[in-house]
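Fold and contact review
These are the residues of each chain, in order.
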Amino acid sequence: MHFRQKAIRITAIVHRDLTDLVVSALKRNNIHYFHMEPGRYPVLAKRGWLLFDFYQNHSIIDTPVTIFEVSCEAAAENILLSLFRDAAELNIPGHGSVYSEAIEFHSPVPTDYIVTTEKKTKTIGFSGLTGIFCILPRGSAEPIARLILQNGVAVPTISYGTGTGLRDQLGLLRITIPKEKEILKLVVHSSDAEHAMDFIIEVGRLDLPGRGFIFEFPIGHGLLNTKVSLEGPKQAASMDQIISALDQLYGNMEWRKKSNQFRQSARHRNYFEGVNVVINCKEESIESTLANLRKVGVSSSTISLNKLVHSQNEKKAFTPAREAANILIPKKNLTEVISLLEETGFFGEETEGIAYTMEIPRAFSYQSKLGKKK
């Protein structure tokens, strides 16, 4: 029988120096299961003193971050958003971001994996936001991140993965396409989402084969990092602090939307909608699973590594070393994909697999002429 349960996924991106504080807060509040993954967020470096430096692009300084993910029921969303905000002091520019997404589990999960509560709390965070998720060849994310920062669109986050599937089907072209991938994520005002996607597609040349894919995903509520540069303030407050204060004053981020500042692309984009299936299992188990999924038309995916922490260290807890993959499929194929995962034992004790989905209203990747005709 197909298991289904709606939930909320909380994602927090915090400066690496604050990791221990956040872990302590999660354990202190009896959050038993949470995922951790290393990443980085780029900021613009200070400009030099020489005159010609003003005609050059800003260089990029990488800031190490830890990406936390916790699943919860809808009633616990605000409690977890508040917990991350307070533990990492996310009201300070440069400390990080936190946001929530609606997801649906298609597999049983360990007891306490989904945080529940009977406590009622006030809504926190801003609404009207959209997330953008992009897979790129290694080395391609930084130039895009620089342009995003220079245009004040958002503060992106970059993590790493390994590509499978489509690259193996490209013949000689695969030699020029590295297996190593970068995962670029950012959150923007919803009215800017299409323009930001179009901007990344154009700069990242995602309309070419093997260059990756991009999709947007709905955000429930979020508190976002505002620090885009290491330039020091020349007044009593930095621009990052002023932007953060205005967010609080208006109670939203609508005043920040940049739709009317983006150049409208004249090129028609062939967007499609679908479902992002996230599968997570014990390390060294995912490649055989992805090989099985190719039988039902799943052509490509990107594997990343993360750690599943169980705060009580129980013997029955899931294995900490984990592999995860994002699989973008048409919605009509979801039942077939989940059925195959069940039949091949992905959710059994040997693999400890977990699968959940999120709706994808708009996605883009290279499509061959043959694929478009289908």
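A few points on the structure. (Residues numbered from 1 in each chain as written. Predicted model: local features only at pLDDT ≥ 70, side-chain atom pairs only at ≥ 80, totals over all residues. Heavy atoms only, no water.)

**Comments concerning the overall build of the protein chain**
- Counting secondary structure elements, the protein chain contains eight helices and 14 strands.
- Burial analysis of the protein chain (374 residues in total) assigns 52% to the buried set.
- For the protein chain, long-range pairs separated by at least 24 residues make up 82% of all intrachain contacts whose partners lie at least 6 apart in sequence.
- Carbon and sulfur atoms make up 51% of the accessible area of the protein chain, which amounts to about 18900 Å² in all. (Helix = DSSP H or I, 4+ residues; strand = E, 2+ residues; numbered from the N terminus. Buried < 20%, exposed > 50% of the residue type's maximum accessible area, 1.4 Å probe, protein only. Contact = heavy atoms within 4.5 Å. Areas by Shrake-Rupley, 256 points an atom, 1.4 Å probe, with all protein chains shown as cover.)

**Here's the deal with unusual backbone geometry**
- If you check the backbone angles, D112 has positive phi at about 75° while not being a glycine.
- Within the fold, D112 resides in the loop between β4 (96-105) and β5 (114-115).
- Backbone geometry at E352 places phi at a positive 55°, although glycine is not the residue there.

**Side note on the nonpolar core**
- The biggest cluster of nonpolar side chains holds 62 residues, and the ones touching the most others in it are F68 and F84.
- Those residues in contact with F84, other than ones at most four positions away along the chain, are I10, A12, V22, L26, F68, V70, E89, L90 and V98.
- Core analysis: the next-biggest nonpolar cluster, separate from the first, contains 21 residues, I132, I144, V188 and I200 among them. (Core = buried A, V, L, I, M, F, W, Y, C linked by side-chain atoms within 4.5 Å.)

**Overview of the environment of D240**
- Its place among the elements puts D240 in helix α5 (residues 239-250).
- Remark: the alpha-carbon pair of D240 and P93, spanning 147 residues in sequence, is separated by 6.1 Å.

**As for the packing of aromatic side chains**
- Evaluation of the coordinates by the stated rule reveals twelve aromatic pairs.
- Ring geometry for F68 versus F84: centroids 6.0 Å apart, planes at 45°, classification tilted. Taken together, the positions of F68 in strand β3 (residues 60-72) and F84 in helix α2 (residues 77-88) put the pair 16 residues apart, joining distant regions of the chain. The pair formed by F68 and F84 is uniform in burial state, with each residue classed as buried.
- Among the aromatic residues, those joined into a cluster by ring pairs are Y99, F133, F213, F215 and F217. (Phe/Tyr/Trp six-rings, centres within 6.5 Å; stacked < 30°, edge-to-face > 60°.)

**Details of the packing of helix α3 (residues 141-150) against helix α4 (residues 193-204)**
- Running from N to C, α3 and α4 point in directions that differ by 140°, and their axes come no closer than 10 Å. In terms of their interaxial angle, α3 and α4 are classed as oblique. Read as a crossing pair, α3 and α4 show a hand that is right-handed. Contacts between α3 and α4 pair I144, L147 and I148 from the former with F199, I200, V203 and G204 from the latter.
- Taken together, the residues that form the contact of α3 with α4 break down as six nonpolar, one polar and no charged. (Axes fitted to C-alpha atoms, helices over the stretch in contact; angles between N-to-C directions. Parallel < 35°, antiparallel > 145°, perpendicular 65-115°, else oblique. Left-handed = near helix turned anticlockwise from the far one by under 90°. Nonpolar A, V, L, I, M, F, W, Y, C, P; charged D, E, K, R; others polar.)

**What about helix α7 (residues 334-343)?**
- Regarding α7, the residues found buried are L334, V337, I338, L340 and L341. Considered in projection along α7, the buried side chains sweep an arc of 160° and stay on one side of the axis. (Arc of directions from axis to C-beta.)

**Quick word on the pairing of strand β9 (residues 213-218)**
- With five of six residues buried, β9 is to be regarded as a mostly interior element.
- In terms of strand pairing, β9 meets strand β14 (residues 354-365) through four bridges, oriented antiparallel. In the strand pairing of β14, I214 is matched with F364. (Pairing = 2+ DSSP bridges.)

**Details of the side chain of E323**
- On the secondary structure map, E323 appears in strand β13 (residues 321-329).
- Buried charge without a partner: E323 forms no salt bridge, and the closest opposite charge is R322, 9.0 Å away.
- One polar contact links the side chain of E323 to the main-chain amide nitrogen of S285, over a distance of 3.2 Å.
- Ignoring anything within four residues of it in the chain, the contact list for E323 reads I279, N280, C281, K282, E283, E284, S285, I286, I303, S304 and L305. (Lys, Arg positive; Asp, Glu negative; His and termini not counted. Salt bridge = Lys/Arg side-chain N within 4 Å of Asp/Glu carboxyl O. Polar contact = N/O pair within 3.5 Å; in protein donor to acceptor, adjacent residues only side chain to side chain.)

**Digging into a nonpolar patch on the surface**
- Taken together, the side chains of L249, Y250 and W255 define a hydrophobic patch exposed on the protein surface, amounting to about 370 Å² of accessible area.
- Among the structural elements, L249 can be located in helix α5. (Patch = residues over 30% accessible without salt bridge, like charges linked within 9 Å, V, L, I, M, F, W, Y side chains within 5 Å.)

**Topic: the packing of helix α1 (residues 19-28) against α2**
- α2 packs onto α1 with a crossing angle of 140° between their chain directions and a minimal axis gap of 9 Å. Relative to α2, the element α1 is oriented oblique. In this structure, α1 crosses over α2, and the sense of that crossing is right-handed. Facing α1, whose interface residues are L21, V22, A25 and L26, α2 presents L83, F84, A87 and A88.
- Per-class residue counts for the contact of α1 with α2 are eight nonpolar, no polar and no charged.

**A few points about the pattern of salt bridges**
- Applying the stated criterion across every chain yields a total of eleven salt bridges.
- The salt bridge partner of R4 is E104, with a shortest N-O separation of 3.2 Å. In this pair, R4 is assigned in the segment before β1 (5-15) and E104 in strand β4, connecting sequence segments 100 residues apart.
- Notably, a salt bridge pairs E69 with R9, separated by 3.6 Å at the nearest N-O pair. Placement of the pair is E69 in strand β3 and R9 in strand β1, with a sequence separation of 60 residues.
- Look at E69 and you get buried, because its relative accessible area is 16%.
- Residue R9 is classed as buried on the basis of its relative accessible area, which comes to 5%.
- Shared partners join several salt bridges into a network, and the residues in it are R40, D62, E142 and E182.

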